[in-house]
Amino acid sequence: MSAVIVTSLLALGGPLTTARAAGGPNIALGDAAAASSAHSEYGARNITDGNQGTYWQSSGTTLPQWVQADLGATTRVDEVVLKVPAGWESRSQTLSVQGSADGTSFATLKNSASYAFSPGAGNTVTVSFPATQARFVRINITANSGWEAAQLSELEVHAADGSSADLAAGRTLTASSHTEVYSAPRANDGNRATYWESRNNALPQWLQADLGSSVRVDRVVLRLPDTWEARSQTLKIQGSANGTDFTDLTASRAYTFDAASGRSATITFDATTTRHVRVLVTANTAQPAAQISEFEVYGPTTGDTQAPTVPSGLAYTEPVTGQVKLTWNASSDNTAVTGYDIYANDTLLTSVAGNVTTYTDNRPANQTVTYYVRAKDAAGNQSGNSSTVTRRADTGDTQAPTAPANLALTEPASGQVKLVWNASSDNTAVTGYDIYANNTLRDSVAGSVTTYTDTQPATATVTYHVRAKDAAGNKSGNSNTVTRNGSGGTGSNLAVGKQISASSSVHTFVAENANDNNTATYWEGAAGSYPTTLTTKLGSNADLDRLVLKLNPDSAWSARTQTIEVLGREQSASGFTGLVAAKSYTFDPASGNSVTVPVSGRVADVQLKFTANSSSSAGQLAEFQVIGVPAPNPDLEVTDLTTTPAAPVESDAITVKATVRNSGAAAAPASAVALRLGGTKVATAQAGALAAGAADHGQCLHRGPRRRFVPAERGRRRSEGGHRAERVQQHLHQPHRAGGQARLQLGPGHRLGDDLAVQPGGRGQRLLQGGSEEPGNRGERRGESRRDADSRRLQGRRGQDADQTRTPAPSPPVRRPTSASARGRRPTARTSSRSPWPTTPTSCRSNARTTPPPSPCSSGAAPTCRTTCTRRRTARSAAAPRSWGPTGQSATSRARRPDARPSGSTPRVSTSSSPLAPPPTPW
């Protein structure tokens, strides 16, 4: 049934008294409430308003229905009190009590039963259950003899008095063993659906919690998943101060985990002070192993339960040979510190009084020893460990050998891999070498041996490395790695380290574990998430030969079958197609826990689709190897880069010419070459389709001149398009100075899509024109006013090339940016009538069959000759085509300009800003 959830916060109209019961105070009073549905007049908020005369009633006549209270925080509770109005006639309601930490996943605290509400008992029912942690407490009602809907006037939730919070929550759990993935940390992760299980057929087994310090405890609660069948486990609780020497806190007996008990067992005992709490299981009626989903430890809240602070500043000296003197800072406590325990190499060495903060240990000089200290009080509460200090043996060897070099392999016979390497060196002696296969220790040889022959199936692909070691146990770093590709087909493992993803994963068992070349780590999908997919991206097409799928070969992993389908995606396709139909594969540690799946196809992505696993509710994989060879692919690179002019000034147009070459083994489709300034693409040129090994010459990328900046009020500068100068500087990089000019640079080896960086020089990171300008007065000369400088610039515009047939219109007025988006545009902003970039001339167009046209500036040309990829207008008839080509300036015309530069300075070509003569645009 689709239920409408009604949630409301209580608005208190007056003072309320706190109701109390044997189980503790009502902590739900005034809290938020919600329900699966509610009658329009009888909302969920009535159950927490402290008034038995108001009530909640579900809407309609359909059951089951629920109502719940949100306590606001996770709290330890052990009882609920349920009420209907005191004047109502008798009735019975069948209900269960549920709890949740997040409001989504609910566990049963009390199983469903029929409860009688009668006027003689005040129409009140009390339901107790083992103390548990919950934030949301829900009453689920399935029947009501007095009405066709669920009804409650009050839901009181009582806190469990006299008990601490769960002392094991978030603490370290360890176990005598575990099977498969059901490890100790699952028993205090707050999720009853996950659990610890010991190795099968090996009872007794234990699970223990390190509480961090010695504290008073008096109760342990053990839980199993809600959906499990009934079972009985025989067990006892033990405690230890050091994690080694345990004493019994309870006698061993059988505890029933069934629906009536909420599949939980509460074990109480006399309060005692301990740090490590262990449950020792000797029998289980449903499984030949110990099983626990939640392991909770509680203690009293009365008396002295506060541990001393941790001793700080632990240090040591050696007053004489063979002595180690320890000192530390005193701890504090709410009552008094009564003593300190000193540990050496994790073993209790001795204790001293609470007013003593030093101890001298007699220890031979040739022994390495590590110390720490704990404080304790009269109640037995014990602090955490202090920091550790280590006195190292004065004759110990701490230097590791060098890493073996030049590891190589040969295959003297089928199924054999012979490794050889160069010997390592050490300050004492190399005593051995460890050989690793696929990151797992395979074998060891003596220090005088530098060869090893491994036996591997001919079909297996194996990667090796070697490490050297000495007598003191110091180990070198890894040698280089070598890989023997299996002879069952061609190719190598293309998936190692490649991008990998999964449709889901559980806990820390993520997709990346499946291609890290390590079978000790693995991926597992979320429970019940079939179909579960695992996908690896090879980066480009490859011709596949086979897949090698592995689980951990350790015998702790039982044999299992998994149903898997293989799919692939070719790099130009948008979806996956089937490569190998779904099939059940057997993974067995006895045969290496590995299966090989023959596959043929040319794909860039490979996907496994899991639909069944006999030992888990989702797919599992430790290694996903894709064996094959890279398919032929194009490989485009940009070469033969040239820029014009070589040393541009701010007003110059900049042309970049390049050759696009296909160095790959397959033809490349048409593509585009991008010019970037500071990471921003400013121009593109098209490159045609290229056969393998072919090149497209003369790709022309054009960048128009930058607009000059003129002074603005309050010390800011702005361009003709309204962009601030500081925005330009964000586009530019400055690894070195360039004499006041902007350089367009591109290093060798840049490939398609690489950025081109305009690198400014000069003072203050400004693009200056010439040698007479000062920072803060761009384009102005010393001693002249702003008006004179503006006049000089205007005259310079009027004196541009004589072959232009129209006089350019005055430049548009300077405008301030009006929005953040305007300030973020390129510094060479255009007016509304101008194209953003100059257009390249005919000589710059692509021609894959000819060499680039020669530059009009020959080696002997006059220094006034400058070529730019710009477009000019010429007088022509209406039918005449436009003329494209380089423009230049003669020395005579330059001499007539009122702002002519001194002799020997760099020539400058002015650019018209007239809307009648727009600069070129990219092609």
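About the criteria used
- Residues numbered from 1 in each chain as written.
- Predicted model: local features only at pLDDT ≥ 70, side-chain atom pairs only at ≥ 80, totals over all residues.
- Heavy atoms only, no water.
- Helix = DSSP H or I, 4+ residues; strand = E, 2+ residues; numbered from the N terminus.
- Buried < 20%, exposed > 50% of the residue type's maximum accessible area, 1.4 Å probe, protein only.
- Contact = heavy atoms within 4.5 Å.
- Areas by Shrake-Rupley, 256 points an atom, 1.4 Å probe, with all protein chains shown as cover.
- Pairing = 2+ DSSP bridges.
- Axes fitted to C-alpha atoms, helices over the stretch in contact; angles between N-to-C directions.
- pLDDT = per-residue confidence, 0-100.
- Core = buried A, V, L, I, M, F, W, Y, C linked by side-chain atoms within 4.5 Å.
- Lys, Arg positive; Asp, Glu negative; His and termini not counted.
- Salt bridge = Lys/Arg side-chain N within 4 Å of Asp/Glu carboxyl O.
- Phe/Tyr/Trp six-rings, centres within 6.5 Å; stacked < 30°, edge-to-face > 60°.
- Lys NZ or Arg CZ within 6 Å of the ring centre and 35° of its normal.

What follows concerns the overall build of the chain. For the chain, the helix and strand inventory stands at four helices and 52 strands. Relative to its full complement of 923 residues, the chain shows a buried share of 46%. Across the chain, contacts joining residues at least 24 apart in sequence account for 70% of those joining residues at least 6 apart. Carbon and sulfur atoms make up 49% of the accessible area of the chain, which totals about 41200 Å².

If you walk across this open sheet you meet the three strands as β28-β29-β32, and the pairing is antiparallel. A single partner strand is all that each edge strand has here, and the edge strands are β28 (405–410) and β32 (451–455). Strand-to-strand, the axes of this sheet are offset by a mean angle of 20 degrees, without reference to chain direction. The pairing of strand β29 (residues 416–422) with β32 spans five bridges and is classified as antiparallel. If you follow Lys418 over to β32, its bridge partner there is Thr453.

Right, let's talk about the environment of Tyr55 for a bit. Of note, Tyr55 is situated in the loop between β4 (32–35) and β5 (56–57). Spatially, the C-alpha atom of Tyr55 lies 7.0 Å from that of Val84, the residues being 29 residues apart in sequence. Setting aside residues up to four positions removed in sequence, Tyr55 forms contacts with Tyr42, Gly43, Asn46, Pro85, Trp88, Leu152 and Ser153.

With that settled, the discussion passes to the confidence of the model for the chain. When pLDDT is averaged along the chain, the result is 74; 70% of the residues meet or exceed 70. Contacts for the low-pLDDT stretch residues 1–23, under 50 throughout, to residues beyond four places or in other chains number 45 contacts. Here residues 791–923 is modelled with pLDDT under 50, and outside its nearest four sequence neighbours on either side it reaches 232 contacts, counting other chains as well.

Our next topic: the nonpolar core. Core analysis: the largest hydrophobic core is formed by 64 residues, its most contacted members being Phe295, Leu547, Leu549 and Phe624. With 32 residues, the next largest nonpolar core counts Val80, Trp88, Ala150 and Val157 among its residues.

What follows deals with the side chain of Lys550. By the secondary structure assignment, Lys550 is in strand β38 (residues 532–550). The buried charged residue Lys550 lacks any salt bridge, with Glu623 as its nearest oppositely charged partner at 6.9 Å. Dropping the residues within four chain positions of it, Lys550 is found in contact with Asn438, Thr461, Thr519, Phe587, Asn593, Ser594, Leu621, Ala622, Glu623 and Gln625.

Tallied over the entire structure, the rule returns ten aromatic pairs. Summarising the aromatic geometry, the rings of Tyr42 and Tyr55 are spaced 4.5 Å apart at their centres and angled 15 degrees between planes, so their arrangement reads as stacked. Of this pair, Tyr42 sits in the loop between β4 and β5 while Tyr55 sits in the loop between β4 and β5; the two residues are 13 residues apart in sequence, bridging distant segments of the chain. Judged by relative accessible area, which is 24%, Tyr42 ranks as partly exposed. Tyr55 gets classed as buried once you look at its relative accessible area, which sits at 15%. On the basis of an interplanar angle of 15 degrees and a centroid distance of 4.6 Å, the ring pair of Phe509 and Tyr522 is categorised as stacked. Residue Phe509 is found in the loop between β36 (499–502) and β37 (523–524), and its partner Tyr522 is found in the loop between β36 and β37; the two are separated by 13 residues along the sequence. The structure contains a cluster of three or more aromatic residues connected by ring pairs, namely Tyr42, Tyr55 and Trp88. The ring centre of Phe106 lies 3.8 Å from the NZ or CZ of Arg138, which sits over that ring. For the cation-ring pair, Arg278 lies above Phe246, with the distance from its terminal atom to the ring centre recorded as 3.8 Å.

Mapping Ser252 onto the fold places it in the loop between β16 (247–248) and β17 (253–257). Each C-alpha atom, one on Ser252 and one on Leu235, is 5.1 Å from the other, the two residues being 17 residues apart in sequence. When sequence neighbours within four positions are dropped, the list of residues in contact with Ser252 reads Thr234, Leu235, Lys236 and Thr282.

With that out of the way, let us pick up the pairing of strand β23 (residues 337–344). Working note: regular strand, side chains alternate between the two faces of the sheet. Of all the eight residues making up β23, seven are buried; the element is thus mostly covered by neighbouring parts of the structure. Pairing geometry for β23 and strand β26 (residues 369–377), over seven bridges, is antiparallel. Counted as the bridge partner of Gly339 is Lys376 from β26. The pairing of β23 with strand β24 (residues 347–353) spans six bridges and is classified as antiparallel. Among the inter-strand pairings, Tyr343 is bridged to a residue of β24, identified as Leu348. Taken together, β23 and the strand that follows it, β24, pair antiparallel across an intervening segment of two residues, in which Asn345 is found at a positive phi of about 50 degrees.

In this section: the sheet that holds β26. With antiparallel pairing, the four strands of this open sheet are ordered in space as β24-β23-β26-β27. Both edges of this open sheet fall to β24 and β27 (389–391), since each of them pairs with a single strand only. The average undirected angle you get between the axes of adjacent strands in this sheet is 30 degrees.

Before going further, it helps to examine unusual backbone geometry. Between Tyr530 and Pro531 the backbone carries a cis peptide bond, its omega angle lying at -10 degrees. Its place among the elements puts Pro531 in the loop between β37 and β38. The peptide bond linking Thr644 to Pro645 adopts the cis configuration, its omega dihedral lying at -5 degrees. Along the chain, Pro645 turns up in the loop between β44 (636–644) and β45 (654–662). Even without being a glycine, Arg263 presents a positive backbone phi close to 55 degrees. Mapped onto the secondary structure, Arg263 falls in the loop between β17 and β18 (264–284). A positive phi angle is found at Asn345, which is not glycine, with a value near 50 degrees. Its location among the elements puts Asn345 in the loop between β23 and β24.

By secondary structure assignment, the location of Glu89 is in the loop between β6 (65–83) and β7 (91–100). Spatially, the C-alpha atom of Glu89 lies 8.0 Å from that of Gly146, the residues being 57 residues apart in sequence. Excluding anything up to four places from it in sequence, Glu89 contacts Phe117 and Pro119.

Taken as a whole and judged by the stated rule, the model has 18 salt bridges. For Arg192, the salt bridge is made with Asp226, and the minimal N-O distance between the two is 3.3 Å. With Arg192 in the loop between β12 (172–175) and β13 (196–197) and Asp226 in the loop between β14 (205–223) and β15 (231–240), this pair connects stretches of sequence that are 34 residues apart. Arg192 sits in the buried class, given a relative accessible area of 12%. Two residues, Arg223 and Glu296, come together in a salt bridge whose shortest N-O distance is 2.9 Å. Here Glu296 lies in strand β20 (residues 294–298) and Arg223 lies in strand β14, a separation of 73 residues in the sequence. Accessibility classification places Arg223 together with Glu296 in one group, the buried group.

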